[in-house]
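Breakdown of the fold
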Amino acid sequence: MQTIKSLGINEKNHLTMGGLDVARLAKEYGTPLYLMDEDIIRENCRIYKNAMDKYYGGNGLVLYASKAFSCLHMCRVVHEEGLGIDVVSGGELYTALKAGFPMEKVYFHGNNKTRQELEMAVENNVGRIVIDNRTELELLSEIAREHDKTIAVSFRIKPGIDAHTHEFIMTGQIDSKFGVALENGEAEEIISFAASLPNINVVGVHCHIGSQIFDIEPFLLTAEKMVNFIGDLKDKHGIEITELNLGGGYGIKYLEQDNPVSYDEYIKNVSRVVKEVSDKRKIKLPKIIMEPGRSIVGPAGITVYTVGNVKRIPDVRTYVSVDGGMCDNPRHIMYGANYEAVLVEKPAAAAQEVVTIAGKCCESGDILIRDIALPQIKTGDLLAVLVTGAYNYSMASNYNRIPRPPVVMIKGGKAKLVVKRESYDDIILNDI
Ligand code: LLP
């Protein structure tokens, strides 16, 4: 339970989140239910913002990577906290737009933006388009000309760094679908070409080496390489890059044994490298941008389920099936991710047996937690899976035509529904 700061136990011996009884919330909103603590989300935004202000003297910007969890309410919270936002699709951009997010603080990523998405970004004056490849650059240049606008762009660079994380979420190496490579000159070539285009204003370079990274070393090496690259662009091509976006990827504590470094510590160390190399290369300190996603929302969320069947297979395994699964949390089936869980009505009881928490989807791999020690568990119990705030709701699907759960935010001791539960009618909404 130490993985989530706002969890506690009340006089009824029930789990609480932000002071509210989780069993009561489950009764009110039904299960499965995503519960998120808005106070923690805001606190995380401030930790990043304050660290960036402290170490870059105001010449920094934190973008929230909205792929981790996006909805209108979240965009409003992020705006209120003074952060910018990273979007990676027309849908994420549309959500920010509809939430009234200031478009100049929106950074548009993605390795295959469509013409329609690029037009939407240009028409709405999105702050930066982060170019992934030459096809996109040429398309954007054409759209910019058609709209008679000059577009400020940044470039997604593969710095050639191995980030020691799951293969599926590792993105800094040359064998990646994202961005252009440093080591074979591809990055230099595309940027010098872009600088020759009339409707394109080359402003920044960007990198993102992967996600759920605990080591600080890859971040330091990346910062060093990127600042040196900025130096090379100036020395060889006379191109001045004023913005360096170092991406996201800072790891969070999913399990008791996970031990992430504090974000302040990361930012402090990275800023030291950025300043040292900038001095050495005699370039003006660029504006530094960061894009945390997981670390802002992950530790603010839990998912509450109701236990259905408990299948004890003697000498083999006990399957505890819940009323959700890979449709609301595909992270175990995709990455073999592990979670902790507690029984909502007896969170402090001693563990008595090792069980496997299974989902209700028609798929043997639909497991949420393999081999977790829990107190005696029975049909009807409420189970809370912890640290599900990032990449759960945003990656949820309607597999098996299961409606997606609602999201309830807790702030200042009050609960508020921010995303409704989908209905069966929602499921057939677009069927003809
Ligand atoms: N910036 C860019 C360009 C990214 O691609 C990502 C994540 C981030 C920022 C935010 O990274 P974070 O701080 O959240 O690690 N679905 C996977 C994670 C995929 C991450 C994709 N990109 C998971 O559930 O582990």
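Residue positions are given per chain, counting from 1 as you read along its sequence in written order. Totals for whole chains, interfaces and linings use every residue, but because this is a predicted model, local features are given only for residues with pLDDT of at least 70 and side-chain atom pairs only at 80 or more, for both listing and counting. In computing side-chain values, all of the structure's heavy atoms are included and hydrogens and water are not.

Some details on the sheet that holds strand E2 (residues 15-17)
Working definition: the strands of a sheet are paired by backbone hydrogen bonds and lie parallel or antiparallel to each other. Strands qualify as paired when DSSP identifies two bridges or more between them. Every helix listed is a DSSP run of H or I at least four residues long, and every strand listed is a run of E at least two residues long, numbered separately from the N terminus. The strand order across the open sheet formed by 3 strands is E1-E2-E3, and the pairing between neighbours is antiparallel. Single-partner strands in this sheet number two, and they are strand E1 (7-9) and strand E3 (20-21). Both E2 and E3 contribute to a ladder of 2 bridges, which runs antiparallel. By the bridge assignment, Met17 is partnered in E3 with Leu20.

Regarding the packing of helix H6 (residues 134-146) against helix H7 (residues 186-195)
Fitted lines through C-alpha atoms give the axes, limited to the stretch in contact for helices. The angle between two N-to-C directions lies from 0 to 180 degrees. The contact between H6 and H7 brings their axes to 11 Å, and the two run at 10°. Relative to H7, H6 is oriented roughly parallel. Of the residues in H7, those in contact with Arg134, Leu137 and Glu138 of H6 are Glu189, Ile190, Phe193 and Ala194. Note on angle classes: values under 35 degrees are labelled roughly parallel, values over 145 roughly antiparallel, values of 65 to 115 roughly perpendicular, and the remainder oblique. Working rule for contacts: check all heavy atoms of both residues, and any pair within 4.5 Å makes them a contact.

A few points about the site of the ligand
Near, as used in this document, describes a residue that has one of its heavy atoms within 4 Å of the molecule or strand being considered. Lining the immediate environment of the ligand, one finds 18 residues, of which Ser211, Glu291, Arg294, Arg331 and Tyr391 sit closest. Whenever a nitrogen or oxygen atom comes within 3.5 Å of another N or O atom, the pair is scored as a polar contact, on the condition that within protein one atom can donate a hydrogen and the other can accept it, and that pairs from neighbouring residues in sequence are kept only if both atoms are in side chains. In the environment of the ligand, an oxygen atom lies 2.6 Å from a nitrogen or oxygen atom belonging to the side chain of Arg331. A distance of 2.8 Å separates a nitrogen atom of the ligand from a polar atom in the side chain of Tyr335. The Shrake-Rupley method, run with a 1.4 Å probe, gives the accessible areas here. Residue values count only the displayed protein chains as cover. The protein chains hide 91% of the 590 Å² of surface that the ligand would expose on its own. Each domain's limits were defined by an automated method or a database of domain assignments. There are two domains that each give the shell around the ligand at least three residues, and those are domain 1 (7-37 + 298-427) and domain 2 (109-292).

Here we look at the domain arrangement of the chain
Considered domain by domain, the chain is made up of domain 1 (7-37 + 298-427) and domain 2 (109-292). Distance between the C-alpha centres of domain 1 and domain 2: 36 Å. Each side of the interface is counted separately: domain 1 has 9 residues, and domain 2 has 8 residues. Here the buried area means the combined drop in accessible surface, using a 1.4 Å probe, for two parts upon being joined, counting both sides. In terms of surface lost to domain 2, no three residues of domain 1 exceed Tyr335, Glu340 and Val387, which account for 53% of the buried area on that side. For this document, the term salt bridge refers to a Lys or Arg side-chain nitrogen within 4 Å of an Asp or Glu carboxyl oxygen. For the pair domain 1 and domain 2, the number of links is 0 salt bridges. Put simply, domain 1 and domain 2 have 1 residue pair in polar contact (both at pLDDT 80 or more) between them. Looking at the side of domain 1 that touches domain 2, its residues break down into 5 nonpolar, 2 polar and 2 charged. Three categories are distinguished: nonpolar for Ala, Val, Leu, Ile, Met, Phe, Trp, Tyr, Cys and Pro, charged for Asp, Glu, Lys and Arg, and polar for the others, with Gly belonging to the last.

Here's the deal with the pattern of salt bridges
In the structure shown here, the tally under the stated rule is 24 salt bridges. Notably, a salt bridge pairs Glu353 with Arg312, separated by 2.6 Å at the nearest N-O pair. Here Glu353 is found in strand E17 (residues 353-358), whereas its partner Arg312 is found in strand E14 (residues 301-313), with 41 residues between them in sequence. Judged by relative accessible area, which is 16%, Glu353 ranks as buried. Whether a residue is buried, partly exposed or exposed follows from its accessible area with a 1.4 Å probe, protein chains only, as a fraction of its type maximum: under 20%, in between, or over 50%, in that order.

Description of unusual backbone geometry
Each neighbour pair has its own omega, and for Thr31 with Pro32 the value is -10°, a cis peptide bond. Along the chain, the position of Pro32 falls in the loop between helix H1 (22-29) and strand E4 (33-37). The backbone of Asn125 sits at a positive phi, close to 55°, despite the residue not being glycine. Its place among the elements puts Asn125 in the loop between helix H5 (115-123) and strand E8 (128-131). For Tyr391, which is not glycine, the phi torsion reads 55° and is therefore positive.

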